[in-house]
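Understanding the architecture of this molecule
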Amino acid sequence: MNHKIFQLTYRSRASEGIGKEEILEIVDEAVAYNNRHDITGCLVFDQGYFIQILEGEKETVNQLYKKIAKDRRHFQFEILSKGEAATRLFKSWDMGYVSMEDLVVGEKEELVKKARMELDTISLKNDFTPKVFWYNVYTLLTDSKFYKKN
Ligand SMILES: Cc1cc2nc3c(=O)[nH]c(=O)nc-3n(C[C@H](O)[C@H](O)[C@H](O)COP(=O)(O)O)c2cc1C
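Quick look at the structure, then. Quick caveat, the model's predicted, so the values are computed rather than measured. (Residues numbered from 1 in each chain as written. Predicted model: local features only at pLDDT ≥ 70, side-chain atom pairs only at ≥ 80, totals over all residues. Heavy atoms only, no water.)

Examining the overall build of the protein chain
Keep this limit in mind: Numbering goes from the N terminus for both helices and strands, where a helix is a DSSP run of H or I of at least four residues and a strand is a run of E of at least two. Buried means the residue's accessible area, taken with a 1.4 Å probe over protein chains only, is under 20% of the maximum for its type, while exposed means over 50%, and partly exposed covers the values in between. Contacts are residue-level and defined by heavy atoms, with any inter-residue pair within 4.5 Å sufficient. In this description, accessible areas are obtained by the Shrake-Rupley approach with a 1.4 Å probe, and a residue is regarded as covered only by the protein chains that are shown.
Looking only at helices and strands, the protein chain has 5 helices and 5 strands in total. Order of helices (α) and strands (β) in the protein chain, N terminus to C terminus: β-α-β-β-α-β-β-α-α-α. With 150 residues in all, the protein chain has 46% of them scored as buried. Contacts in the protein chain between residues far apart in sequence, at least 24 positions, make up 79% of those at least 6 positions apart. Of the accessible surface of the protein chain, which amounts to about 8900 Å², a share of 50% is contributed by carbon and sulfur atoms.

Some thoughts on the sheet that holds strand β4 (residues 74–85)
Just so we agree on the cut-off: A pair of strands is treated as paired once DSSP finds two or more bridges between them. Throughout, an axis means a line fitted to C-alpha atoms (over the contacting stretch in the case of helices), and angles, computed between N-to-C directions, take values from 0 to 180 degrees.
An order of β4-β1-β3-β2-β5 is seen for the 5 strands of this open sheet, with the pairing classed as mixed. Here the strands that pair on one side only, and so sit at the sheet edges, are β4 and β5 (96–99). Mean inter-strand twist for the sheet, computed between neighbouring axes without regard to direction, equals 15°. Sheet topology places strand β1 (residues 5–14) next to strand β3 (residues 49–56); 8 bridges connect them, and they run antiparallel. Among the inter-strand pairings, Arg11 is bridged to a residue of β3, identified as Ile51.

Notes on the pattern of salt bridges
A side chain with one charge can pair with a side chain of the opposite charge if their charged atoms come near. What counts here: What makes a salt bridge here is a side-chain nitrogen of Lys or Arg within 4 Å of a carboxyl oxygen of Asp or Glu, nothing more.
All told, the structure shown has 4 salt bridges when counted by the stated rule. We note a salt bridge from Arg88 to Asp38, for which the minimum N-O separation is 3.3 Å. Of the two residues, Arg88 sits in the loop between β4 and β5 while Asp38 sits in the loop between α1 (20–36) and β2 (40–46), which places them 50 residues apart along the sequence. Arg73 is the partner of Asp71 in a salt bridge, and the nearest nitrogen-oxygen pair spans 2.7 Å.

So, the site of the ligand
Definition in use: If even one non-hydrogen atom of a residue comes within 4 Å of a molecule or strand, that residue is called near it. Between N or O atoms, a polar contact is any pair within 3.5 Å; within protein, one atom must be a potential hydrogen donor and the other a potential acceptor, and residues adjacent in sequence are included only when both atoms are from side chains. Basically, the charged four are Asp, Glu, Lys and Arg, the nonpolar ten are Ala, Val, Leu, Ile, Met, Phe, Trp, Tyr, Cys and Pro, and anything else, Gly included, counts as polar.
Near the ligand lie 17 residues; those nearest to it are Tyr33, Asn34, Lys67, Asp71 and Arg73. A distance of 2.9 Å is found between a nitrogen atom of the ligand and a side-chain nitrogen or oxygen belonging to Asn34. Contact between the ligand and Arg73: an oxygen atom at 3.0 Å from a side-chain N or O atom of the residue. When residues of the shell around the ligand are traced back to their parent elements, those giving at least two are α1, β3 and α2 (58–69). Residues of the shell around the ligand, tallied by class, amount to 10 nonpolar, 3 polar and 4 charged.

Here is the structure:
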């Protein structure tokens with residue numbers, strides 16, 4: 001018996017014209033679908049890029065990723081990491097959402113800086129797993145009174 005869950009992290013570039021409103025629409029769609037398919041995760045928007053983690057049963061996650069990768073609202077996909085894990089990171093979120101830009105101005109500046117540094121490390125394609133990045137995002141999500149659990 002294998003109860004492990006599958007996690008996939010990718011990065012993409014947001015298409016032209018994608019702003020706050022459009023992203024909130026995406027999150028609404030995502031929450032509804034993911035809830036029905038036992039998928040959890042988090043979507044980060046920062047400087048024109050999306051970074052998303054999808055967690056769930058392997059086939060379900062791969063299928064969802066295929067669907068997401070056909071979406072014209074973003075392009076230039078890059079899978080940053082995928083593999084099995086013992087537990088979900090974003091247990092309580094059908095799809096958490098963090099806009100780094102909205103947080104930079106607030107008291108969370110230090111955490112945002114840290115998370116951005118890890119993203120730069122990802123870009124260098126080292127032997128890096130986004131674990132630390134997602135941990136910091138998780139902290140942003142749980143700390144902030146602006147983000148609610150789904
Ligand atoms: C950055 C980004 C992230 C997305 N994340 C999800 C997601 O987690 N779950 C989901 O169902 N749809 C997500 N979507 C939307 C899907 O790409 C798709 O539009 C949606 O599932 C509706 O597909 P359908 O019209 O085939 O039903 C995302 C779209 C974008 C651009």
